[in-house]
Amino acid sequence: MSPRPGFILNVDKSYPGTLFWHGEGYRIEKLPEGSSVIYAPESLPSLSDPLGAIEDALDNPVGDSDPLDTLLTSGMRLTIAFDDVSLPLPQMVSPDIRSLIIEAVLERAARAGVEDVVLIAALALHRRMTESELRHAVGDRVYDSFYPRGLLLQHDAEDPKGLSFIGLTPQGEEVEISKRAAESDLIVYVNVNLVSMDGGHKSVATGLSSYRSLRHHHNVKTMVHSKSFMDRHNSQLHSSNWRMGAVIKEAGIKIFQIETTLNNDTFPKQFEFLQKREWEWNLKDRAKFITTSKALEATPPWMARNIFHSIRSPYGLTGVNAGEVDAVHEKTLERVYKQQLVHVSGQSDILTMGLPFIGPYNVNSIMNPILVYCLGLGYFFNMYKNKPLVRKGGVLIMSHPTRNEFDPVFHPSYIDFYENVLSETTDPIEIEAKYEKSYAEDPWYIHLYRTGNAYHGVHPFYMWYWGAHALDHLGAVIILGGDPKVAKRLGFMAASTLNDALAMASAYVGTSPSITHLHSPPLLMAQVE
Amino acid sequence: MAKMRGLLGKITMPFPLGRPTWPANVERTIPKSKLGANYDTEWARRYSVRLVRSLITDYVTKPAINIVASPKVLGTDRLKGIDVPVIFAANHASHLDTPLLLSVLPDDFRHKTAVGAGADYFFDRKYKAVIWSFLLGAIPIERTRVSRRSTDLALEILRDDWNLILFPEGGRTPDGFAREFKGGVAQLALKTGSTIVPVFIGGTYEVLGKNKKGFSPGSTVVNFGRPISPSGSNPRDLTKELQSAVNRLGDEVYSDYWDAALRSGASSTPDLADNGDNSWIAEWNRPRFSDTFEDSKKSRWPRLPFIDKPL
């Protein structure tokens, strides 16, 4: 039976309730009659022979590119860059798709006699990966061969000797990327595409760049005009990256892009019910829901977090394409949309969503309040094409405990941002103008970024800008089940029950609003007409 | 026992209490031997026997192997998602190889795997045949000649979706160097279309090599390779490919993945069978697994805190 497409449920009396993620837990909420619940398409079948598909992609590249074998020659410099720990979410079961591709590329490089090979984790301003995360991404064999020799690197966007200025775009945007990559005869980029934002020229132009370069598209103006940043052709973030990509190409830097797409198999068997439509839950699913949700309620948050972060997703590979960046990325987008796109007619007054325990920036860590904001207003709100699911001036209700908890190792600058910046203002424009530079250039944050496992000092600012379009669009944001003090600091309201949240929202959208719920997991993207 | 018998003398009982005598004018038909390649191992693959064997493998063999051979297992990621049945083809240096390999096989394979064992050595006595069939799921394989019976049995096992462990060298190495692979594995794979998983086993020669008296506990390694599909090949090429793959896996263990890949790309992978015409220099230079990993040099027992303190 072929997988079912996405589905929109119109809530009536017979409706059983809807699963809402709530951080390291989940609950069933009853939406008012007349509400709509958007369900993602069912998981597409995965490729039966991933290794064969990888070899085939390397042999038959798309766009203006020769097969990989003909690009590899003895004596050349080869750099293999790959996406970092922020993808996919949660981390996939071993072997990670990146490790399979990297090995396939290395085998060909070895056959061609290419000895000068360096692997770089394309971190941009993300935190350095831990040993176990790197091992997971590239595989033990590659790690044990390359890391001890200093040939497995993590991109350092603050190493003045390790960066190379490539040029300016017609708009005056500076393009600066890793020197090793820039001076290589070929960059092979290994990407994992979980959402349509990933991949394309963003891989190299962002992943291997520096603050000097990133600030041209990671800013409030660009983000407000990226409608949405999940829609590559209507995203200024992507337009800027594509302009930078053109500069990189003009400079003679050759990129062989390898992009992969995954299906919607986000959770292993024990948590499979999370992805099912609630009215299709069988006795086993209900028993699992009751036992796990009750157990999680009684579990301390740190322990629940550890349990969830140890989950490995059984994602299946739905496609792999290699070759010229643009052509590859168009194929990737096709597959991502095929898996995630749901057609929705019209916007609603209220958009509800449950936020999970994980986002791109808290893998194996705490989802602090700024990351909750970013996940809701940045990522989930932007999961649309054409126009947002909620009308201008509408209300967003997102469910998450939103505790005042931070990870001092991974997110040191977030703590100061929360305490010193958000206590003054939540206006992204003011924050950008007044505070960004000092955090971006703070030597302590730079030191922690370069030598520890800390996100760059400027990263919390980017998280805030990430939600700027939603802030500009929405009339109010209510955090369901959130800590009231934290919600207030973020500039939002907190409600303890869904009915309370709806009552609070009525002040902005009236007493009989239209409501849409974005059901997750798995991820979906709405094409709103 | 013979001494006892001698003391008691030969006790004979008259028929029908004793055995009947065979009339001299009736031709005596010698019953077909039920041992060696003819031993019927079907009983050892029944569910009940498998269940007991898996308990013994998991709770007796595995802990014992961990104590004696401290195995380091590499390359299991290469086995993810491959279709059963598969033939695991490994180099062979010790009687330890089979229990070691069985105990480190991933769960998907471990309890439905039979082992090809020399019919002349493991199945020449009834008690040996029973023990090895029961403990290892062994099946008799003729090593000295091509036997239709052995081939048919192996084919039948693979067709019943059982995996098979075979040692293409046909026996244990006498000197620590591998020997040339025979073509049986390739022929079997080509006949059944089964995937071959090359496996390199290192360190077992040092722990319990041929002609060694007793165990010398030490570290061992099992490195699983990328599965080889037999389609579109002939037995000779497939055998060569298999031997190269095992050589490369050995190279990966003794150097690292990337160096081994580069050497493989340049067709200069060290041959595990290269004994330098029996020269002592080759023996001197023969890589030993225990020399490779730092952790294998560590004490097998935790150090007591006062040991490191200055006296």
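The name given to chain B in an unreviewed UniProt entry is 2-acyl-glycerophospho-ethanolamine acyltransferase, with Acidithrix ferrooxidans as the source organism.

Naming follows an unreviewed UniProt entry, where chain A appears as LarA-like N-terminal domain-containing protein of Acidithrix ferrooxidans.

S.K.: Is there a simple way to explain the interface of chain B and chain A in this structure?
M.R.: By convention, interface size is frequently given as the accessible area that disappears when the constituent parts associate. Facing the 14 residues of chain B at the interface are 17 residues of chain A. Counting each side, the surface lost to burial between chain B and chain A is near 1,400 Å², with a carbon and sulfur contribution of 52%. Considering only the surface of chain B that becomes buried against chain A, Arg226(B), Tyr257(B) and Trp258(B) emerge as the three largest contributors, covering 50% of it. Taken together, the connections running from chain B to chain A amount to five salt bridges. Across the salt bridge formed by Arg141(A) and Asp77(B), the nearest N and O atoms sit 2.7 Å from each other.

S.K.: Can you walk me through a negative patch on the surface in this structure?
M.R.: A surface patch of negative charge is lined by Asp40(B), Glu156(B), Asp160(B) and Asp161(B). The exposure class of Asp160(B) is partly exposed, given its relative accessible area of 46%.

S.K.: What should I look at first to understand the pattern of salt bridges in this one?
M.R.: Opposite charge on two side chains permits pairing when their charged atoms draw close. This model, assessed by the stated rule, comprises 43 salt bridges over all chains. Here Arg110(B) makes a salt bridge to Asp107(B), at a shortest N to O gap of 2.7 Å. Here Asp107(B) and Arg110(B) lie together in helix H4 (residues 107-110), a separation of three residues that amounts to about one turn. One salt bridge connects Asp124(B) with Lys128(B), and the closest N-O pair in it is separated by 3.0 Å. Exposure remark for Asp124(B): the relative accessible area of 28% places this residue in the partly exposed category. Three or more residues are tied together by salt bridges with common partners; here these are Glu24(A), Arg305(A), Arg403(A) and Glu405(A).

S.K.: Can you help me understand the packing of aromatic side chains in this one?
M.R.: For the structure shown, the criterion picks out 38 aromatic pairs over all chains. Aromatic pair Phe229(A) and Tyr379(A): ring centres 5.9 Å apart, planes at 80 degrees, arrangement edge-to-face. Taken together, the residues Phe229(A) in the loop between helix H9 (220-224) and helix H10 (236-250) and Tyr379(A) in helix H14 (residues 369-380) connect sequence positions 150 residues apart. With respect to burial, Phe229(A) and Tyr379(A) carry one shared label: buried. Note on Tyr39(B) and Phe123(B): the rings are 5.7 Å apart at their centroids and 40 degrees apart in plane angle, and the pair reads as tilted. Here Tyr39(B), found in the loop between helix H1 (2-8) and helix H2 (47-69), pairs with Phe123(B), found in the loop between helix H5 (119-122) and helix H6 (126-136); they are 84 residues apart in sequence, far enough to count as distant. Side by side, Tyr39(B) and Phe123(B) carry an identical accessibility label, which is buried. Taken together, the ring pairs connect Trp21(A), Tyr26(A), Phe267(A), Phe271(A), Phe273(A), Trp281(A), Phe289(A), Phe308(A) and Phe357(A) into an aromatic cluster. Above the ring of Phe410(A), the side-chain terminus of Arg127(A) is found at 3.9 Å from the ring centroid. If you follow Lys385(A) out to its NZ or CZ, it ends over the ring of Tyr337(A), 4.1 Å from the centre.

S.K.: Is there a simple way to think about the sheet that holds strand S3 (residues 113-118) of chain B in this case?
M.R.: Strand pairing in a sheet relies on backbone hydrogen bonds, with the paired strands running either antiparallel or parallel. Residues and elements named next belong to chain B. Taken in spatial order, the seven strands make up an open sheet running S1-S7-S6-S2-S5-S3-S4, and their pairing is mixed. A single partner strand is all that each edge strand has here, and the edge strands are strand S1 (71-74) and strand S4 (138-141). Strand-to-strand twist of the sheet, defined as the mean angle between neighbouring strand axes without regard to direction, takes the value 25 degrees. Lying over the sheet, helix H3 (residues 97-104) contacts S1, strand S2 (86-90), S3, strand S5 (163-166), strand S6 (195-202) and strand S7 (220-224), oriented at roughly 60 degrees with respect to S7.

S.K.: Help me understand unusual backbone geometry, please; the structure alone is not making it clear to me.
M.R.: Excluding glycine, most residues fall at negative phi; most peptide bonds, likewise, are trans. In this structure, Pro90(A) follows Leu89(A) across a cis peptide bond, with omega equal to -20 degrees. Of the consecutive residues Val84(B) and Pro85(B), the connecting peptide bond is found in the cis state with omega at 0 degrees. Along the chain, Pro85(B) falls in the loop between S1 and S2. Even without being glycine, Asn364(A) reaches a positive phi, approximately 55 degrees. Taking relative accessible area as the criterion, Asn364(A) reaches 32% and is therefore assigned partly exposed.

Conventions used here
- Residues numbered from 1 in each chain as written.
- Chains lettered and ligands numbered in written order.
- Predicted model: local features only at pLDDT ≥ 70, side-chain atom pairs only at ≥ 80, totals over all residues.
- Heavy atoms only, no water.
- Contact = heavy atoms within 4.5 Å.
- Buried area = accessible area lost by both parts, 1.4 Å probe.
- Salt bridge = Lys/Arg side-chain N within 4 Å of Asp/Glu carboxyl O.
- Patch = residues over 30% accessible without salt bridge, like charges linked within 9 Å, V, L, I, M, F, W, Y side chains within 5 Å.
- Areas by Shrake-Rupley, 256 points an atom, 1.4 Å probe, with all protein chains shown as cover.
- Lys, Arg positive; Asp, Glu negative; His and termini not counted.
- Charge placed at Lys NZ, Arg CZ, Asp CG, Glu CD.
- Buried < 20%, exposed > 50% of the residue type's maximum accessible area, 1.4 Å probe, protein only.
- Helix = DSSP H or I, 4+ residues; strand = E, 2+ residues; numbered from the N terminus.
- Phe/Tyr/Trp six-rings, centres within 6.5 Å; stacked < 30°, edge-to-face > 60°.
- Lys NZ or Arg CZ within 6 Å of the ring centre and 35° of its normal.
- Pairing = 2+ DSSP bridges.
- Axes fitted to C-alpha atoms, helices over the stretch in contact; angles between N-to-C directions.

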